[in-house]
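# Understanding the architecture of this molecule
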Amino acid sequence: MTIWGALAGGFVGTLVLTTMLRGASELRLTRIDLPFLLGTALTSDRKRAKALGYIAHFGFGFLFASGYFAIFWAIGRSGWLLGAALGLLHGAFAGSALVNVLLPLVHPRMGDSMSAADSVARLEPPGFLMTNYGRRTPIVVLIAHVVYGAIVGGFIALSAT
Amino acid sequence: MASRAEHAGLDGSVETGDSYPGIRDLAVIGDGRTVALVSIDGTVVWLPVPYVDSPSVFASLLDARRGGRFELAPRAPFESRRRYVPETNVLETTFVTEDGIARVTDALTLPVGDGLVPFRELARRIEGISGTVGFGWSVDPRFGYGAENGSIGLRSGIPVATGRGRAVAVCSWDAGTPHLEAGSVTASFGTVAGSAALIALSIADQEPLVLPSRRDVERRLEGTVASWRSWAAEREAAGPWHDQILRSGLALKLLVQSRSGSVAAAPTTSLPEEIGGERNWDYRFSWLRDSAFVMGALLGLGCTDEAEAFFWWLMHASQITHPRMQVLYRMDGAADAPERPLPLEGYMRSRPVRVGNAAAEQMQLDIYGDVMQMAWLYADARHRIDREFGDRLASVADLVCDIWPQPDSGIWEVRGSARHFTQSKMMCWVALDRAARLASTGQIPSRNVDRWRSEASSIRSFVEARCWSDRKQSYTQAAESEDMDASVLLGAKFGYGDPAGTRFSRTIDALRRELGRGPFLYRYMSDDDLRGEEGTFLCCSFWLAEVLGLAGRREEAVELLNELIGFENDVGLYAEEIDPSTSSFLGNFPQALTHLALISAAMSLTRAEP
């Protein structure tokens, strides 16, 4: 079990997660676009926002993979199934708190439940489980995070062999 | 000045029985998240929480017995007059009794200033002006559109009502001792010259209540006035109709959801188009039909931030249904709007009371013209449309080429069978024309511009051959029809045809002749598969004024606009419709499209001023 395995898993997992979300968007299942949400926190230029957002998204991918690694290291076990379970928890946390509650609080262009007539939000908030971006968004997000977790877990386990 | 002849209060409570206020007697306050409607007798009759499209805490407007309300009025017979604090959405109602005069200032406060801010806050300040006035007040919250009384108890000595994940704290200072009785909080007190009492409802949704201090509420009330004044001071509303444009702009701002940028068609549901009838709809959605008017008004008023937010919201909301667009989207951008009736009595027994709107599932071709016009206005105001949005707008134009020959439900969302509505076809032409213009300026890809021009030409041939009546000397409601429809005026407004040309000049005259009642226009008179009748449609009258001006008939246009302005209510607001014989308002209130049409007509006539 090595941190390099976790980082490799984080890279591949983020790649797959991003591709799955983009695919779901093209299939009109959801309007979620995590790189765009992250990038517009830094700039209002849409093109630049997407580029910066992808960089930030991969950064978070590495960060969460390191978190998975810390948990596996603490319990002394790893594997794709355990990773998938953590991914489920990770997805639920992202939908219910991370993107729904915490992101609007720090995002300068996103509205939240306290946005009032003295301010103008440029970006609609995600809502609980991000359902503002489409009713199927929670399912898509959960599945993508389970896959991310399984990949990270699998890579960490492989790095131990 | 409004009056109430008799008072039937008991121990400080104020009772109005099961009567309903006239829609004309309502005023709106709001905070960019939700709104409250206040009647001229001082009663808050409508308050959805936490957002404008959420279930209500007060809905006596839709069920006087079960809806819940917040009454505040003199205990003796009184007359009342009111106004907005100049250049704000803060309401002032002055009560005059035999013994004295008092003023009530109402606001949904903005989260301005330091300190812990309640989730939502309704503040009511009562000031004695002269003599003495005995007041009674009663807060009677009912959660979930009157479905649940909730429970009331004391928390730290403050009455708190809870239900459905929400809580309402009734905080009061110098406004008598609150009593808890039968689901209500009631009290009575008196004013003398120079006295000031304050009542604040602190409202929480899925979080603990904030119990504010009097100083904080007073500060927020003042800050709210200052914030609205600051917003109004930045608006561009010159010319002879400055006051009406600004008031309409302030009303529009209340319909803008601050968290997303979407604009509600109206903040109410099911205020009837016919008293006692079934034409009762939920307007708490953002209609694409309104988008071109919204963009025009926001840019005209100098609201560039709001314009950008609205453009972004619309492009994001419509992404999930791309390239097709829905008639309406929810305020949070979601596409579903399932319609269901509520077990409420209805305004003056007008049933059903609906939430949701089945029109979301209709096909309405004119929206594509509205959206492309909106994009054109946005780009014309030196905004850059990025590549992704440009590609999507080009795909929308391609779609219009494919679907314009199909029948649709039309701008009025007729619930019967689909037809070839004239205005829908005209707006498809507008969609393709604006797409070609956007392509010519490099804002959207130009790969299919030849097809757009060719199909636009086919649409024109269709309209001119099949949607014109030689007998009526007018464009008609639909192909091969002799019925009239005021919506064809939009063809002139948006450049489908020359407003001063023969066909539109004759259409204007025919519409006034066939659909006109004094200064007003019915939108149509034909059967629409719904029982009953409706009033004249106010936005159509403003469209007529604007098109008269565009046609070079300025004198008629100015006369009509001034006449229409005479029918605003005492605080400058309009509903959707008006009964031409009684001047009573009908339909949801205040209505965005009416105010948007007023802004558009007044700005157009101001620009063309000799």
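Keep in mind that this is a model prediction, so the values were computed, not measured.

## Some points on the domain arrangement of chain B
Residues and elements named next belong to chain B. For chain B, the assigned domains are domain 1 (2-210) and domain 2 (242-607). For domain 1 versus domain 2, the distance between C-alpha centres works out to 35 Å. Contact residues are listed per partner, giving 37 residues for domain 1 and 40 residues for domain 2. Summing both sides of the interface, domain 1 and domain 2 together bury roughly 3,300 Å²; the carbon and sulfur share of this comes to 58%. At the junction of domain 1 and domain 2, the tally comes to two salt bridges. A salt bridge links E345 to R65; the shortest N-O distance between them is 2.8 Å. Applying the counting criterion to the domain 1 and domain 2 interface returns 23 residue pairs in polar contact (both at pLDDT 80 or more). Counting only elements with at least two residues in the side of domain 1 that touches domain 2, the list comes to β2 (26-30), β3 (35-39), β4 (44-48) and β7 (78-84). Per-element accounting of the side of domain 1 that touches domain 2 gives the leading share, five residues, to β2.

## A few points about the sheet that holds strand β27 (residues 585-586) of chain B
Residues and elements named next belong to chain B. Spatial strand order, β25-β26-β27: three strands in an open sheet with antiparallel pairing. In this open sheet, the two strands that pair with only one neighbour each are β25 (536-537) and β27. Two strands pair when backbone bridges link them, and strand β26 (residues 577-578) and β27 are joined in this way by two bridges, in the antiparallel orientation. Pairing of E577 across the sheet is with L586, part of β27.

## Notes on the environment of Q423 of chain B
All names here are of chain B. With respect to the helices and strands, the residue Q423 is situated in helix α8 (residues 422-440). With relative accessibility at 2%, the residue Q423 sits in the buried group. Between the C-alpha atoms of Q423 and A237, which are 186 residues apart in sequence, the distance is 30 Å. Every residue in contact with Q423, bar those within four places of it in the chain, is listed here: D366, I411, S487, V488 and L490.

Procedures and definitions
Residue numbers restart at each chain and count upward from 1, following the sequence in its written direction. Chain labels run from A onward and ligand labels from 1 onward, assigned in the order the entries are written. Side-chain atom pairs in this predicted model are given and counted only at pLDDT of 80 or more, local residue features only at pLDDT of at least 70, and totals for whole chains, interfaces and linings cover all residues. Remark: hydrogens and water are excluded; side-chain values derive from all non-hydrogen atoms of the structure. Boundary definitions for the domains trace back to an automatic or database domain assignment. Here, two residues are considered to be in contact whenever any of their heavy atoms come within 4.5 Å of each other. Note: buried area is the sum, over both parts, of the accessible area (probe 1.4 Å) each one loses when the two are combined. Note on definitions: salt bridges are taken to be side-chain nitrogens of Lys or Arg within 4 Å of carboxyl oxygens of Asp or Glu. Nitrogen and oxygen atoms within 3.5 Å of one another constitute a polar contact, given that in protein one can donate a hydrogen and the other can accept it, and given that sequence-neighbouring residues count only through two side-chain atoms. Secondary structure counts use DSSP, requiring at least four H or I residues in a row for a helix and at least two E residues in a row for a strand, with both numbered from the N terminus. Whether two strands pair depends on DSSP finding at least two bridges between them. Each residue is placed in one exposure class: buried if its accessible area under a 1.4 Å probe, protein chains only, is under 20% of its type's maximum, exposed if it is over 50%, and partly exposed if it falls in between.

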